[in-house]
Structures are given as structure tokens and as C-alpha cells.
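One-letter residues, chain by chain:
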Amino acid sequence: SDHGFHSDHLRPMVPAQTHEAQAALWHRHFGILLIKGPGIRRDERIYGATLLDIAPTLLTLLGLPVGQDMEGSPLLAAFECPPRVQSIPSWDACEGPAGMHPPDLRVDSAASAAAVQQLIDLGYLAPDPAGGTELAARAARETQFNLAAVHLHARRPGLAEPILRALHESHPQELRYAMALAHCLGELGQHREALRVLRGIENSAVGSHDLQSAIAQCELALDEREAALARLSRVEQTAPPSPHLYLVLGNLYRAQRLLEKAEAAYRRALALDEENEQAHYGLAVCLIPKARWQEVAEHALRAVSLVHGFPQAHYLLGAALDELQDTDRALTALRIAVSLAPNFPEAHDRIAAILLRRGDVAQAMRHQRMARGDFSSS
């Protein structure tokens, strides 16, 4: 399963604007990966896998090179003896059969009536009396929206932004497109523009708690904290319990150094959704002033087990393990943090401190230089 479906209290309580959005609300954020076969490690967990990693992993298992234009990477942690990964610029440039129909028999899958009907049967598209043309156009839009979602998940907001902007401009009243574009702009640091997009749809999405929460997040990013807190307080009084709402509240309280309130909000989020990596991270941060290092480590570990590409959580895990005097595992976590985010001064400083205690002066000085932004000798 690539995602599965929400159940129990995580089921959507408020209907979405469109049939497609309603289907997306039911999807779980995380799926399941199982690998079995010769040379595969037994009884181990693989962290950070995505659908984009499947094809490169299969190619590696077959002893074939991985295309440099592929977005994913081989899941080498699954191998008993990780092989040397070969690569080629692109499989598209290779001569020979590729399992495709001849050019004169190829059909645009988005425009194929059979493909559209399959999407209807699966519940991804609603039946449309207007016929196949509109359904094909809607399927094409969903393809673009899903591509943008992949870019955002892979932390490539620059690639997602033009796709989402085009979708929003062609369908300005579609809440999903506006929300996704605003989120993308926020990732790019364009919070004022994100707020403009959200307020542009506010009149046509009256009663949307998610929209009000997103506006509050923009206000928080723009340091309009009182307005954000007042808006979220109104949402909290009227909205059904939501992990997302409590996560936003926790982030706001944490930004205001109201750590007790933040901790309570994160715990409410986790009571509703134990797989919320951001809530685990936020809770870990709140527990640092109390020096509850074991709990900090546990929540940081849970966060990185859910989303491997989370350098701040790896750093928090490493710092907590260092405080617990588990320095070997601390170094592992901190090195993962700087591999994911090379310009991470706090992580480099913590690594340098551990290495100095061990007497490895040369490597400690190297990380001290990188903490100052000097990567010339790294």
C-alpha cells in the first residue's frame, strides 16, 4: 500500500470542496514498504523510503545502472552488503525495447476514456454528466497537482511553485490549489504573498477551519502573533478536534515561549495522530528546558523514523543522546543531520565538542570551521 486510509477519529469530519479533495483527505500520510529476497536484510526497518525510490532500488537489485535523471535513490540500507551503485545519464536515451507501445499505437493516458473511467471507479474522480472531455481535463489537472505535491514532499518548492500557480490562476476558487500554493510560497519564505493568496479565497471558503489555520500560520511567520493567536482561538472554539490545529497552536505557543501550553497542544495532536512527526519534534523541543533527555530522544527518534529527511530532528536526537552519554549513537545522528543539511552550525559545533572530548582535534577543528561556514577543506 502506498498510503492506506484514515480510520476512526482521523477520518475527515468536514467534507471537502471537490470529490478529488475528499478522496485525498482519506489518505494516510505514510504507507508500508516490504522487501524480501536474496541479499536483503532480515527484521530491519528502512527509514525515509518513498515511491520514487522503488525503481532505482529494483534496478540496483537487478545489477543495472540507475538513471541520473531519476528523482529517487536506491534503498541501500535494505541490502546485507550494499552494492556499488552504477549510473547512466538517462534510460530514455538508451536504444532498444522499453516495454512501450510503438509510437503509432500510443495513447495519452489522461485523455483515455478507459483510464478516466478507472479513476471514477476507484473514487478519485466524480462522474460528470458533461462527458469525457471535462473528465480528461480534470484528470490532467490532478496529475499536475500530484506532481506538485511530490515536489513539495521532496523539499523542492521551487519546482512546485509554477505548477501550483498555474492551477490557482486557472481555478482561483479551488481551495486545495490556493492552500497548496500558499504552503509552497511559505516554504520559499514568501509569507506575505502566501497570505495574499489565502485572503483572496477567504470569502468563497467561509467556515474552512484549515484556511483560517493556514492564515494564522502566515501571520505567525510575519510576526503578527496576537492576530494569529486570536484567529486560532476562534478556530479552536468552533472546529472539531484536529491534529493539524493543535500542531499550529503548539508552534504558535512555542514561538511565544509559552512552553507549557505548547507541550499540551503537541500532546493533544499526538493523542489524535501518533504518526505526526512535527508534533513529536515540537514536543521534544518543549522538553529540553526540563532536561528530560530520555523523552527528548524518544520523540526525536520517532520523528526521524517517520520522516528520515528531517535534519532538525536528527540534531535533537544527537543532542539528547549526547546528554545521555551515548556518544556513539549521538555522533551517528548528528552526522546524518549535517549530511542532510551541511550548513547546520549547531550540529557541527556539537560534533566538534564530542570529537574534542575524544581527543580527535583535527576532525573537531574541521567541524568548527564548517560551523562558521568554511567548507573549503571539508
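For the structure given in this document, a descriptive report is provided here. Keep in mind it's a predicted model, so treat the numbers as computed, not measured. For every chain, the first residue of its written sequence is number 1, and the numbers climb from 1 along that sequence. Predicted model: local features are reported for residues with pLDDT of at least 70 only, side-chain atom pairs are reported and counted for 80 or more only, and whole-chain, interface and lining totals are derived from all residues. Values shown for side chains rest on all heavy atoms present in the structure; no hydrogens or waters enter the calculation.

Comments concerning the overall build of the protein
Secondary structure follows DSSP: runs of H or I at least 4 residues long count as helices, runs of E at least 2 residues long count as strands, and numbering of each begins at the N terminus. In terms of regular secondary structure, the protein is built from 17 helices and two strands. For the protein, the spread of C-alpha atoms along the three principal axes comes to 75 × 60 × 40 Å. Evaluated residue by residue, the protein yields a buried proportion of 40% over its 378 residues. Residue pairs at least 24 apart in sequence account for 46% of intrachain contacts in the protein once pairs closer than 6 positions are excluded. Roughly 21200 Å² of accessible area belongs to the protein as shown, and the carbon and sulfur atoms make up 55% of that amount. Counted as positive: Lys and Arg. Counted as negative: Asp and Glu, with His and the chain ends omitted from the count. Lysine's charge is taken at NZ, arginine's at CZ, aspartate's at CG and glutamate's at CD. Considering the protein, the positive charge centre built from 36 side chains and the negative charge centre built from 45 side chains are found 6 Å apart. Buried means the residue's accessible area, taken with a 1.4 Å probe over protein chains only, is under 20% of the maximum for its type, while exposed means over 50%, and partly exposed covers the values in between. Throughout, a residue-residue contact means that at least one pair of heavy atoms, one from each residue, lies within 4.5 Å. For every accessible area listed, the method is Shrake-Rupley and the probe measures 1.4 Å; residues are considered covered only by the protein chains on display.

Focus: unusual backbone geometry
Phi at Ala291 takes a positive value of approximately 55 degrees, unusual for a residue other than glycine. Its location among the elements puts Ala291 in the loop between α12 (277-287) and α13 (293-306). Relative accessible area serves as the criterion here: at 44%, Ala291 is assigned to the partly exposed category. Backbone geometry at Gln325 places phi at a positive 65 degrees, although glycine is not the residue there. Note that Gln325 resides in the loop between α14 (311-323) and α15 (327-340).

Some remarks on α12
Where burial is concerned, most of α12 is hidden: ten out of the eleven residues are buried. Among the residues making up α12, those that are buried are Glu277, Ala279, His280, Tyr281, Gly282, Leu283, Ala284, Val285, Cys286 and Leu287. Where α12 is buried, its residues contact α10 (243-255), α11 (259-272), α13 and α14. Any pair of N or O atoms that falls within 3.5 Å is considered a polar contact. Within protein, one atom must be able to donate a hydrogen and the other to accept it, and sequence-neighbouring residues count only if both atoms are side-chain atoms. Taking the backbone nitrogen of Gln278 as reference, a side-chain oxygen 3.2 Å away marks Asn276 as the first, capping residue of α12.

Considerations on α14
Multiplying 1.5 Å by the helix residue count minus one yields the expected span of that helix. If you check α14, its first and last C-alpha atoms are 18 Å apart, about what 13 residues at 1.5 Å a residue would give, namely 18 Å. By the criterion of burial, α14 is predominantly enclosed, with eleven of the 13 residues buried. Restricting attention to buried positions, one finds in α14 the residues Pro311, Ala313, His314, Tyr315, Leu316, Leu317, Gly318, Ala319, Ala320, Leu321 and Asp322. Against the buried residues of α14 lie α12, α13, α15 and α16 (345-357). Gln325 sits one or two positions beyond α14 and adopts a positive phi of about 65 degrees.

Digging into the pattern of salt bridges
Salt bridge, as used here: a side-chain nitrogen of Lys or Arg that lies within 4 Å of a carboxyl oxygen of Asp or Glu. The tally for this structure, following the rule as stated, stands at 24 salt bridges. Between Lys290 and Glu260 there is a salt bridge whose closest N-O contact spans 3.2 Å. Placement of Lys290 in the loop between α12 and α13 and of Glu260 in helix α11 is noted, with a sequence separation of 30 residues between them. Lys290 sits in the partly exposed class, given a relative accessible area of 33%. Notably, a salt bridge pairs Arg302 with Glu274, separated by 2.8 Å at the nearest N-O pair. Placement of Arg302 in helix α13 and of Glu274 in the loop between α11 and α12 is noted, with a sequence separation of 28 residues between them. A relative accessible area of 24% places Arg302 in the partly exposed class. A residue is classified by how much of its surface remains accessible, and Glu274, at 42% relative accessible area, is partly exposed.

Section: the packing of aromatic side chains
The pairing test for Phe, Tyr and Trp rings, Trp by its six-membered ring, is centres within 6.5 Å, and the orientation test on the planes gives stacked under 30 degrees, edge-to-face over 60, and tilted for anything in between. Counting across every chain of the model gives three aromatic pairs. Consider the rings of Tyr281 and Phe310, whose centres lie 5.1 Å apart with planes at 45 degrees: the pair is tilted. With Tyr281 in helix α12 and Phe310 in the loop between α13 and α14, the pair connects residues that are 29 residues apart, well separated along the chain. As far as the burial class goes, Tyr281 and Phe310 line up, both buried. When the ring of Tyr315 is compared with that of Phe344, the centres are 5.3 Å apart and the planes differ by 45 degrees; the resulting orientation is tilted. With Tyr315 in helix α14 and Phe344 in the loop between α15 and α16, the pair connects residues that are 29 residues apart, well separated along the chain. With relative accessibility at 11%, the residue Phe344 sits in the buried group. In our convention, an over-ring charge means Lys NZ or Arg CZ found within 6 Å of a ring centre and within 35 degrees of that ring's normal. The ring of Phe145 has Arg176 sitting right over it, with the charged end atom 4.7 Å from the ring centre.

Description of the environment of Leu119
Of note, Leu119 is situated in helix α3 (residues 113-122). Along the backbone, Leu119 and Ala320 are 201 residues apart, and their C-alpha atoms lie at a distance of 47 Å.

Looking at the packing of helix α7 (residues 191-200) against helix α8 (residues 209-221)
Packing of α7 against α8 leaves a shortest axis separation of 9 Å and a crossing angle of 155 degrees. One way to sum up the angle between α7 and α8 is to call them roughly antiparallel. Classified by chirality, the crossing of α8 by α7 is left-handed. Residue-level contacts link His191, Ala194, Leu195, Leu198 and Arg199 of α7 to Leu211, Ala214, Ile215, Cys218, Glu219 and Ala221 of α8. Under this grouping Gly is polar, as are all residues other than the nonpolar Ala, Val, Leu, Ile, Met, Phe, Trp, Tyr, Cys and Pro and the charged Asp, Glu, Lys and Arg. Looking at the contact of α7 with α8 residue by residue, the class counts come to eight nonpolar, one polar and two charged. As a rule, the C-alpha atoms of each element are fitted with a line to give its axis, helices using only the stretch in contact, and angles between N-to-C directions run from 0 to 180 degrees. Roughly parallel refers to an angle under 35 degrees, roughly antiparallel to one over 145, roughly perpendicular to one between 65 and 115, and oblique to any angle outside these ranges. Note on convention: near helix rotated counterclockwise from far helix by under a right angle means a left-handed crossing. Clockwise means right-handed.

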